[in-house]
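Notes for the structure review
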Amino acid sequence: MLDRRMSHDDLIDHLVRSTPLSRGEAARVVLDVLAYFDETTEEFVRRRHRELQSGGLTNADIFERITAELPYRAVAPPELSLRQLRRIVYG
């Protein structure tokens, strides 16, 4: 993690200059954002399914929303069919 933090010093410096964040807080934000976008497509689909299901949505609505969200990931994955999404969640 230290190597990753060091490789983003310019970004951390920018956040410190442009926000009220301290250097330590800015570094934490950068690491949190990087961890969020390090998530694989499968991890993202499973996590979003759990989150949306706990919000009371049905699978039809959940899979429609996940399909709409996937292209907006940092590195958009290939388009997944409804069947592929279900296989990721249920195996």
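This write-up is about the structure you can find in this document.

Cut-offs and rules
- Residues numbered from 1 in each chain as written.
- Predicted model: local features only at pLDDT ≥ 70, side-chain atom pairs only at ≥ 80, totals over all residues.
- Heavy atoms only, no water.
- Helix = DSSP H or I, 4+ residues; strand = E, 2+ residues; numbered from the N terminus.
- Rg over C-alpha atoms; globule rule 2.2 N^0.38 Å.
- Buried < 20%, exposed > 50% of the residue type's maximum accessible area, 1.4 Å probe, protein only.
- Contact = heavy atoms within 4.5 Å.
- Areas by Shrake-Rupley, 256 points an atom, 1.4 Å probe, with all protein chains shown as cover.
- Lys, Arg positive; Asp, Glu negative; His and termini not counted.
- Charge placed at Lys NZ, Arg CZ, Asp CG, Glu CD.
- Phe/Tyr/Trp six-rings, centres within 6.5 Å; stacked < 30°, edge-to-face > 60°.

Let's shift gears to the overall build of the chain. Along its length, the chain carries 6 helices and 0 strands. Listed N to C, the secondary structure of the chain is α-α-α-α-α-α in terms of helices and strands. The C-alpha atoms of the chain give 17 Å as radius of gyration, which overshoots the globular expectation for 91 residues (12 Å, by more than 25%). Expressed as lengths along the three principal axes of its C-alpha atoms, the size of the chain is roughly 45 × 25 × 20 Å. Counting all 91 residues of the chain, 24% fall into the buried class. Considering only residue pairs separated by 6 or more positions, the chain has 41% of its internal contacts joining residues 24 or more positions apart. Accessible surface, the chain: about 6,500 Å² in total, of which carbon and sulfur atoms supply 55%. Within the chain, the 15 negative side-chain charges are centred at a point lying 5 Å from the centre of the 14 positive side-chain charges.

Moving on, we come to the packing of aromatic side chains. In total, this model carries 1 aromatic pair according to the counting rule given. Ring centres of Tyr-36 and Phe-37 lie 4.9 Å apart, and the angle between their planes is 85°; this geometry places the pair in the edge-to-face category. Classification of Tyr-36 as partly exposed rests on a relative accessible area of 37%. Judged by its relative accessible area of 40%, Phe-37 is partly exposed.

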